[in-house]
Amino acid sequence: MINIFTTNFGPLISGLGYTLLSSIIALVASLIIGTVFALLEISHKKWVRVIGKAYVEFIRNIPLLVITMAFYVIVPQFIVQMDGFTAGTIGLTIYTSAFIAETVRAGIGAVPVGQMEGARSNGLTYTQAMVQIVFPQAIKIVVPSLGNQFINLVKNSSVLAFVAGFDLMYQGKLIAAATFNTFDTYLVVGVLYLVVTMPMSYAMRYLEKHWSRA
Amino acid sequence: MAKRIRQFGVLLAGLTLLLLISACGKPVADSDALARAQQTGKIVWGVKADTRLFGLMNTKTGKIEGFEVDMAKALTKQILGQSGKAELTQITSDTRVPMLKAGNVDAVIGTMSITPDRQKVLNFSKSYFSAGQSLLVPKGSKIHSVKDLKQGTSVIGVQGSNSVDNIKKAAPAARVLQLADYSQAFTALKSHQGDALTTDNGILYGMSQQDPSYVVVGGTFTTEPYGIAMNKGQDRLTKAMNKALDQLDKNGTYERLLKKWFSDVPGFDVKEVHP
Amino acid sequence: MQNFIDAYSAVNLSYLLRGLWVTVEVSVVSIFFSFIIGTLLGVARYVKIKYFSAIVGFIIDLIRNLPLLLILFFTYFALPNIGIRLSVVPASIIAMTVFESAMLAEIIRSGIGAVPIGQMEAARSNGMTYSQAMLQIILPQAFKKMIPPLVSQFISLVKDTSLATIILLPELTQHAQIIYGQNVNYTIPMFVALALLYFIVNYALSVGSHVIDRKLN
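Residues numbered from 1 in each chain as written. Chains lettered and ligands numbered in written order. Predicted model: local features only at pLDDT ≥ 70, side-chain atom pairs only at ≥ 80, totals over all residues. Heavy atoms only, no water.

Per an unreviewed UniProt entry, chain C is named Amino acid ABC transporter permease, and its organism is Lacticaseibacillus jixianensis. As stated in UniProt under Sequence similarities (unreviewed entry), the record for chain C gives "Belongs to the binding-protein-dependent transport system permease family." Here is the UniProt Subcellular location (unreviewed entry) comment for chain C, exactly as written: "Cell membrane". (UniProt positions renumbered as here; feature names shortened; annotations may be inferred.)

Chain B appears in an unreviewed UniProt entry as Glutamate ABC transporter substrate-binding protein from Lacticaseibacillus jixianensis. As recorded by UniProt, the Sequence similarities (unreviewed entry) comment attached to chain B reads in full: "Belongs to the bacterial solute-binding protein 3 family."

Printed below as a string of structure tokens:
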């Protein structure tokens, strides 16, 4: 097992790098897109709410693999050249954005309505009240779940292996195929995933406990 | 109740640990496959379902069809008698070695070249098909042979196939993208993810037959003798396979199956593939 | 448009539906088993039996923090190693059950934790044993509150079955891939069909959960 790690150190670490890179890009991008759709979902206008809701419900109910494959297979045929890493990262972003939209919406919903009303009666516009009063409070509620989303992203980014995305799982598959030592290879790959996800998940649990008390 | 929950929990944890470590139990892969086949009356074959001509899923019937599937059935009858059953399990180039090593299947007949590296961990029968690696490109492509795969080009291959190792040697400047199976790889080529697709000519002719806007170019640059693969140490089954292959060759079954699948493939010479 | 008409031929549609059937079959059986095992694990983790709960907790955390793809590989290739040779459908069910049990255990543990401690104390002071109180008082209340997260986990499970294409489970996504792999013109129609079919199944699940949720609470 140690053997697999030392002899394939380069590809494994580069795979882990791509996994993390894809996860980080997808986290940031899906935070932006997710927030936009959360705002659509709580808009005054019904048709805007419908758009927001439709997006979230649609994406939440479709497998990540299907979204990713669609970007890898369809988009380059008709629109623009796109490699596996890009297609995979976009797939991850869109998939995660629906979950983040739900979290952000719940976060905003948890801020007492009186806060918004108070801000409006003090002369702030809706946007001002949202940005200055409601958002900062909602973020406190949302941040811990972002950590969990990141853990999910690291795990989910293994779909990049389906589209030659050079991530950790892809490298693992190639090493397993080259060394014929499937078991040890996937053990090493598993340990590398755990090195990232386990400490994060314990940290998140700690954070959740202490933030909720505060 | 709490005690029972605890007992059950211990059992469960034990099972999980067992799964994770898989230290105990008698591995299927190490027990004599021929004896098991004779006892159960069936051989569990790993076959391709993504490779036209060799083993391809027929969506109408839900069955896998191809030269290798017919061979597997004929070999099973030859070894186990007329009542012998060939159980077909789907494999890809990526899953076939672990499936053999773990014991998910008894034997693989799946466009698998006999290579020295593989012979270190697997048993092979004698070769039943001679292929050679080549390139598939869209019609009108600037790539005419492996020499045209220069810096900046990318080639699509399949995870676990030795053609990806070969192409790295034959065209070191090209970027190699490895997909999970041939169906995915061909779709990736159609989606312009790479400039060419490389694997053995027989597989490529099958793709070109399916979609004639893609052509095989540049001839072959390796020789790939396909063999039936079994786990290392399954010497009795290997012997039985070799004997059965000889018998199929003698009684004309082999020739008939070869003609059935390959005689009307343009650009393909049936005589060349007979080892 | 012609592509859509050709792609949705009777042959292709029935092939897709056969894939959908495998998706549903694997999902339903995995949901059933993982719900039972997940509940037991969740309780085991909640009641804090010395050492045992910690070990169970650690194993749950290990499984939760690994990609499902790896667990699928391990299960498929590990089972024959301990003397069990299963075809891909039962192997997938076992892998999904292992993964989902760990995910559900966490949901159930926190669900139990959300039931006020007073409930347990009241039940005990009325003469119930710990197990009785857990089974008759605490768990029913916990499940009522857990319906939304449980169902969204079930939806995840249905979606996650698509990952078993990696060990060639003949489910919906794999069948669609085979169809468009044989004719590139069918790519878009197949992805549209995939999106619709998964959406219908999962949306039905989530609507069902809302109905149950409203009736119970």
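Assigned secondary structure in chain B consists of 11 helices and 13 strands. With the C-alpha coordinates aligned to their principal axes, the bounding extent of chain B is approximately 75 × 50 × 40 Å. Counting all 275 residues of chain B, 60% fall into the buried class. Put simply, 71% of the contacts in chain B that link residues at least 6 apart link residues at least 24 apart. Summing over all exposed atoms, chain B offers an accessible surface of approximately 11,400 Å²; the carbon and sulfur share of this is 53%. Once the 35 positive and 24 negative side-chain charges of chain B are each reduced to a mean point, those two points are 6 Å apart. (Helix = DSSP H or I, 4+ residues; strand = E, 2+ residues; numbered from the N terminus. Buried < 20%, exposed > 50% of the residue type's maximum accessible area, 1.4 Å probe, protein only. Contact = heavy atoms within 4.5 Å. Areas by Shrake-Rupley, 256 points an atom, 1.4 Å probe, with all protein chains shown as cover. Lys, Arg positive; Asp, Glu negative; His and termini not counted. Charge placed at Lys NZ, Arg CZ, Asp CG, Glu CD.)

This brings us to the overall build of chain C. The number of helices and strands found in chain C is nine helices and zero strands. Ordered by position in the sequence, the α and β elements of chain C form the string α-α-α-α-α-α-α-α-α. Its C-alpha atoms give chain C principal-axis dimensions of roughly 70 × 45 × 25 Å. Taken across its 217 residues, chain C has 56% of its residues classed as buried.

In this model, helix H5 (residues 88–114) of chain C (27 residues) spans 39 Å end to end at C-alpha, consistent with the 39 Å of a helix rising 1.5 Å per residue. Most of H5 of chain C sits out of view: 20 of its 27 residues are buried. (Expected span 1.5 Å × (residues − 1).)

It is worth spelling out the domain arrangement of chain B at this point. All names here are of chain B. Here chain B is described as being made up of domain 1 (28–131 + 225–273) and domain 2 (133–217). For domain 1 versus domain 2, the distance between C-alpha centres works out to 25 Å. Interface of domain 1 and domain 2: buried area, both sides summed, is about 1,500 Å²; carbon and sulfur atoms make up 55% of it. For the domain 1 face of the interface with domain 2, the top three residues by lost area are Asp50, Arg52 and Ser93, together amounting to 31%. The tally of links from domain 1 across to domain 2 stands at zero salt bridges. Scanning the region where domain 1 abuts domain 2 turns up four residue pairs in polar contact (both at pLDDT 80 or more). The residue makeup of the side of domain 1 that touches domain 2, split by class, is seven nonpolar, seven polar and seven charged. (Domains from an automatic or database assignment. Buried area = accessible area lost by both parts, 1.4 Å probe. Salt bridge = Lys/Arg side-chain N within 4 Å of Asp/Glu carboxyl O. Polar contact = N/O pair within 3.5 Å; in protein donor to acceptor, adjacent residues only side chain to side chain. Nonpolar A, V, L, I, M, F, W, Y, C, P; charged D, E, K, R; others polar.)

For the rest of this paragraph, the subject is the nonpolar core. The biggest cluster of nonpolar side chains holds 201 residues, and the ones touching the most others in it are Trp45, Phe67, Tyr128, Phe129, Ile228 and Phe262 of chain B. The element contributing the most residues to this core is H5 of chain C, with 14 residues. (Core = buried A, V, L, I, M, F, W, Y, C linked by side-chain atoms within 4.5 Å.)

Chain-level pLDDT for chain B is 90 on average; 91% of the residues reach the 70-or-more range. Within chain B, the element-level pLDDT minimum falls on helix H1 (residues 2–21) of chain B, averaging 56, and the maximum on strand S6 (residues 107–108) of chain B, averaging 98. (pLDDT = per-residue confidence, 0-100.)

This part is about the UniProt feature "domain: Solute-binding protein family 3/N-terminal" (unreviewed entry) in chain B. Taking the UniProt record as the reference, the feature "domain: Solute-binding protein family 3/N-terminal" (unreviewed entry) is found at residues 42–265 of chain B. Secondary structure content for residues 42–265 of chain B is 36% helix and 30% strand, while the C-alpha to C-alpha distance between its ends is 32 Å.

Within a regular strand, side chains alternate between the sheet's two faces. Residue and element names in this part refer to chain B. Of all seven residues making up strand S1 (residues 42–48), six are buried, and the element is well covered by its neighbours. Pairing of S1 with strand S5 (residues 85–91), which is carried by seven bridges, proceeds in the parallel orientation. In the sheet register, Val44 faces S5, and the bridge partner there is Glu87. The pairing of S1 with S6 spans two bridges and is parallel. Bridge pairing links Trp45 to Ala107 in S6. (Pairing = 2+ DSSP bridges.)

Before going further, it helps to examine the UniProt feature "domain: ABC transmembrane type-1" (unreviewed entry) in chain C. Annotation from UniProt places "domain: ABC transmembrane type-1" (unreviewed entry) at residues 20–209 of chain C. Taken end to end, residues 20–209 of chain C has its terminal C-alpha atoms 21 Å apart, with 81% of it in helix and 0% in strand.

Okay, the confidence of the model for chain C next. Within chain C, residue pLDDT values average 92, and 100% of them lie at 70 or more. For this predicted complex, the interface score ipTM comes out at 0.92, while the overall pTM is 0.91.

A few words now on the interface of chain A and chain C. Each partner contributes to the interface: chain A provides 36 residues, whereas chain C provides 39 residues. A buried area of about 3,200 Å², summed over both sides, lies between chain A and chain C, and 73% of it is on carbon and sulfur atoms. Where chain A touches chain C, the interface holds two salt bridges. Here Asp61 of chain C makes a salt bridge to Arg205 of chain A, at a shortest N to O gap of 3.0 Å. Counting the contacts that link chain A with chain C gives eight residue pairs in polar contact (both at pLDDT 80 or more). Taken together, the elements giving at least two residues each to the side of chain A that touches chain C come down to helix H3 (46–60), helix H4 (64–78), helix H5 (84–110), helix H7 (126–156), helix H8 (168–179) and helix H9 (182–213) of chain A. Residues that form the side of chain A that touches chain C fall into these classes: 24 nonpolar, seven polar and five charged.

Each side of the interface is counted separately: chain B has 46 residues, and chain C has 36 residues. Interface of chain B and chain C: buried area, both sides summed, is about 3,700 Å²; carbon and sulfur atoms make up 67% of it. Across the chain B-chain C interface, the total number found is one salt bridge. Its salt-bridge partner being Arg85 of chain C, residue Asp106 of chain B comes within 2.8 Å of it at the nearest N-O pair. Put simply, chain B and chain C have 10 residue pairs in polar contact (both at pLDDT 80 or more) between them. When contributions to the side of chain B that touches chain C are tallied by element, the ones reaching two or more residues are H1, strand S3 (55–58), S5, helix H4 (96–102) and helix H7 (182–190) of chain B. Looking at the side of chain B that touches chain C residue by residue, the class counts come to 22 nonpolar, 17 polar and seven charged.

Right, let's get into the sheet that holds S1 of chain B. Residue and element names in this part refer to chain B. Reading across from one edge, S5-S1-S6-S13-S7 is the order of the five strands in this open sheet, with mixed pairing throughout. Edge positions in the sheet fall to S5 and strand S7 (122–131), since each of these pairs with one other strand and no more. Direction of pairing for S6 relative to strand S13 (residues 224–231): antiparallel, over a ladder of two bridges. Bridged to Val108 within S13 is Ala229.

Summarizing the sequence annotation, UniProt attributes the feature "domain: Ionotropic glutamate receptor C-terminal" (unreviewed entry) to residues 51–264 of chain B in the numbering used throughout. As annotated, residues 51–264 of chain B has a helix share of 38% and a strand share of 28%, and its two end C-alpha atoms lie 17 Å apart.

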